[in-house]
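# Breakdown of the fold
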Amino acid sequence: METFDYVIVGAGSAGSVLTNRLSEDAGTSICVLEAGPRDWHPYIHLPAGFIKTFHMKSVNWAYQQEPGPWTGGRSIYAPRGKTLGGSSSINGHIYNRGQRQDFDTWAQLGNRGWSYSDVLPYFKRMERRVGEGDDAYRGRDGSLTVTTMEWKDRLCEAFMEGAMSLGIPRNHDYNGAIQEGVSYAQRTIKNGLRVSAATAFLHPARKRPNVHVRTHAHATNIIFEGKRAVGVRYMKGGRGGTPVEVRANKEVILAGGTYNSPQLLQLSGVGSPELLQSLGIDVRHALPGVGEGLQDHYAPRTVARVKNIMTINELRQGWHLWVEALKWATTRRGLLSLSPTMVYCFWHSGETTESSDLQLTFTPASYKEGAQGQLEDEPGMTVASWQQRPESRGYVHARSADPFEAPIIQTNYLVAELDRRVVVAGMKLARRLLKSSPLAPYYAYEDFPGPGVETDDEFLAAATQRGTTTFHPGCTCRMGPADSTWAVVDDQLRVHGLQGLRVIDASVMPRMISANLNASTMMIADKASDLIRGKSVPAE
Ligand SMILES: Cc1cc2nc3c(=O)[nH]c(=O)nc-3n(C[C@H](O)[C@H](O)[C@H](O)COP(=O)(O)OP(=O)(O)OC[C@H]3O[C@@H](n4cnc5c(N)ncnc54)[C@H](O)[C@@H]3O)c2cc1C
């Protein structure tokens, strides 16, 4: 059996950063197992290609969630990257760290070393910010390029003026001192191409002789000796492939993401004894928190029809698209360099709310109902709005002992009363923004939820009918003290009660943050690499 110092399961956002940092020590050998293929497909790298990879099963786990009590009987689609770079290879490229308060809450829950001031040096170390920002908060010489949306659009400008007319200030850096305000989105895009975690961290590391990346390697079990993880069993070539085992001298690290890391623990006998026994899996280690606590952002999208101006809906049709393709080929700009959302707005749902609990995004485009990612033919504009710090929690459970069967994903969106209240407030704000006077020359009428919707109950019914995920699942292997019933890992990200095993990905977040999750997931991995290597916090 081949032996390495570290075996990392998953070459996604976290796995890529970890591989890079751990392999800086030339004497340390690392094996990375990735279930998906190499990230060669051009749609991964072309920013607008996200519309294609969104459903492309060759690079996407393409999960379906269970219908929830507040999703109107709908099963909501849950894409996840399955290639080098993981979800950072198919995501919407937005770079958003979250607020000071998010990380201070993690520390408040008993996690030493995870307050905002503790994690800020890692956000800075990874980043090469191009553009505005105070260097007290922003990094300038890391590997991850962060630029600001270059597309200047009259509708986007009018939307921002509309926000300002409602008292929401223009904020040129929502990743700086204060998140609240409205601005163009910051993105992990460099020269018109996606900067995934693989581009920034994994590919440079692969040039080192101590890094061994195996694609089409689907991990099926953690191998234990007693309570110590000593290796990983995987299926080369996926279902029906060849079984292979690799051994870890030092540690096995799970970086399979929020849905897959708890599933792999459960398949390996680590989890709630009741669940494991119901699936016929022998209990290796009882840890009831595994898979529990799933959180995500739930966003209804308010859509208005547009007049007197062209939107992206028409630009991607007929000869316009050829012009845009030529523009991208020659300048790396234009429609094909865009992200799904262009403007970000952070605001509070009530006058007395201490910090922004609402995130709203604006796109001068609209999408077909029930066909996420597919643009409509008529001109439209969309505001998605969601509660940043939801209280509802769900779970991820292995569906069976078969590692190739998709897990049961129940997010329980809107189950908490507070979540329903804030989501309704977000929809009302979205309507006010779209009806603001700077947008009036272009605003035809509200298509969804529609002018007939006026009361809170009607807004909530509309949210239930059409809301979707914003693709930010987290919190299924939560970090917390050993004496808490829900914690799976400690503040060094070691699995409680076991040796030689860590989980390092978005699943360890103890509570949802006020942000899209890619930046903070990479931060977690960067910090974890220092914890593993016994290094101190980088100097600012
Ligand atoms: C469509 C979409 C849009 C998004 N948009 C944004 C955005 O604009 N901005 C933002 O900040 N965030 C966004 N996100 C979220 C963000 O990308 C993720 O939160 C983040 O990438 C999660 O990182 P991770 O390391 O936890 O998991 P991932 O990056 O998903 O990595 C997990 C890796 O492990 C592999 N793996 C899983 N199980 C196994 C196994 N058993 N064996 C071997 N390999 C395995 C997977 O194939 C994958 O490569 C988006 C996500 C999606 C899906």
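Anything mentioned here points back to the structure above.
The structure reproduced in this document is the subject of the present report. (Residues numbered from 1 in each chain as written. Predicted model: local features only at pLDDT ≥ 70, side-chain atom pairs only at ≥ 80, totals over all residues. Heavy atoms only, no water.)

## Quick word on the packing of helix 5 (residues 116-126) against helix 14 (residues 518-533)
Where helix 5 contacts helix 14, the two axes come as close as 9 Å, and the packing angle between them is 105°. In terms of orientation, helix 5 lies roughly perpendicular with respect to helix 14. Between helix 5 and helix 14, the residues in contact are Val119, Tyr122, Phe123, Arg125 and Met126 and Ala519, Ser520, Met522, Met523, Asp526, Lys527, Ser529 and Asp530, respectively. The residue makeup of the contact of helix 5 with helix 14, split by class, is seven nonpolar, two polar and four charged. (Axes fitted to C-alpha atoms, helices over the stretch in contact; angles between N-to-C directions. Helix = DSSP H or I, 4+ residues; strand = E, 2+ residues; numbered from the N terminus. Parallel < 35°, antiparallel > 145°, perpendicular 65-115°, else oblique. Contact = heavy atoms within 4.5 Å. Nonpolar A, V, L, I, M, F, W, Y, C, P; charged D, E, K, R; others polar.)

## Side note on a nonpolar patch on the surface
On the surface, a nonpolar cluster with roughly 430 Å² of combined accessible area is contributed by Trp319, Trp322 and Val323. Counting through the fold element by element, Val323 comes out in helix 11 (residues 318-331). Residue class for Val323 comes out partly exposed when judged on its relative accessible area of 40%. (Patch = residues over 30% accessible without salt bridge, like charges linked within 9 Å, V, L, I, M, F, W, Y side chains within 5 Å. Areas by Shrake-Rupley, 256 points an atom, 1.4 Å probe, with all protein chains shown as cover. Salt bridge = Lys/Arg side-chain N within 4 Å of Asp/Glu carboxyl O. Buried < 20%, exposed > 50% of the residue type's maximum accessible area, 1.4 Å probe, protein only.)

## Focus on the packing of helix 4 (residues 100-108) against helix 5
The geometry of helix 4 relative to helix 5 is characterised by a closest axis approach of 8 Å and an angle of 120° between their N-to-C directions. In terms of axis orientation, helix 4 runs oblique to helix 5. The residues of helix 5 that touch helix 4, namely those facing Arg100, Phe103 and Asp104, are Tyr116, Val119 and Phe123. When grouped by side-chain class, the residues that make up the contact of helix 4 with helix 5 number four nonpolar, no polar and two charged.

## Structural notes on the sheet that holds strand 7 (residues 181-184)
Here we have six strands laid out as an open sheet, ordered 7-20-21-22-19-25, and antiparallel in their pairing. Of all the strands in the sheet, the pair left with one neighbour each is strand 7 and strand 25 (443-448). Put simply, the sheet's adjacent strands are angled 20° from each other on average, direction ignored. Bridge analysis of strand 19 (residues 301-306) against strand 25 gives four bridges, and the strand direction is antiparallel. By the bridge assignment for strand 25, Arg305 is matched with Tyr445. This element, helix 12 (residues 417-434), spans strand 19, strand 20 (343-347), strand 21 (358-363), strand 22 (380-387) and strand 25 of the sheet and lies at about 150° to strand 22. (Pairing = 2+ DSSP bridges.)

## Here we look at the nonpolar core
If you look at the biggest cluster of nonpolar residues, it comprises 80 residues, and the most contacted ones within it are Leu265, Leu501 and Met523. Ranked by residue count, the leading element in this core is helix 14, at seven residues. Discounting chain neighbours no more than four positions away, the residues touching Leu265 are Ile222, Leu254, Val270, Val290, Cys477, Val488, Leu501 and Val503. (Core = buried A, V, L, I, M, F, W, Y, C linked by side-chain atoms within 4.5 Å.)

## With respect to the pattern of salt bridges
Following the criterion strictly, the structure yields 26 salt bridges and no others. With a closest N to O distance of 2.9 Å, Arg533 and Asp25 form a salt bridge. Within this pair, whereas Arg533 is found in helix 14, its partner Asp25 is found in the loop between helix 1 (13-22) and strand 2 (30-33), the two being separated by 508 residues in sequence. With a relative accessible area of 31%, Asp25 lands in the partly exposed category. Among the ionic pairs, Arg305 bridges to Glu376, the shortest N-O distance being 2.5 Å. Of this pair, Arg305 sits in strand 19 while Glu376 sits in the loop between strand 21 and strand 22, and the two are 71 residues apart along the sequence. For the pair formed by Arg305 and Glu376, the shared burial category is buried. Here the salt bridges share partners, and the residues they tie into one network are Arg21, Glu24, Asp25, Arg125, Asp526, Asp530 and Arg533.

## A short note on the side chain of Glu376
On the basis of relative accessibility, which here comes to 15%, the residue Glu376 falls in the buried class. In this structure the side chain of Glu376 is engaged in a polar contact, spanning 2.5 Å, whose partner is the side chain of Arg305. Reaching out from Glu376, the side chain makes a polar contact with the side chain of Ser366 at a distance of 2.4 Å. When sequence neighbours within four positions are dropped, the list of residues in contact with Glu376 reads Arg305, Asn313, Arg316, Gln317, Ser366, Tyr367 and Lys368. (Polar contact = N/O pair within 3.5 Å; in protein donor to acceptor, adjacent residues only side chain to side chain.)

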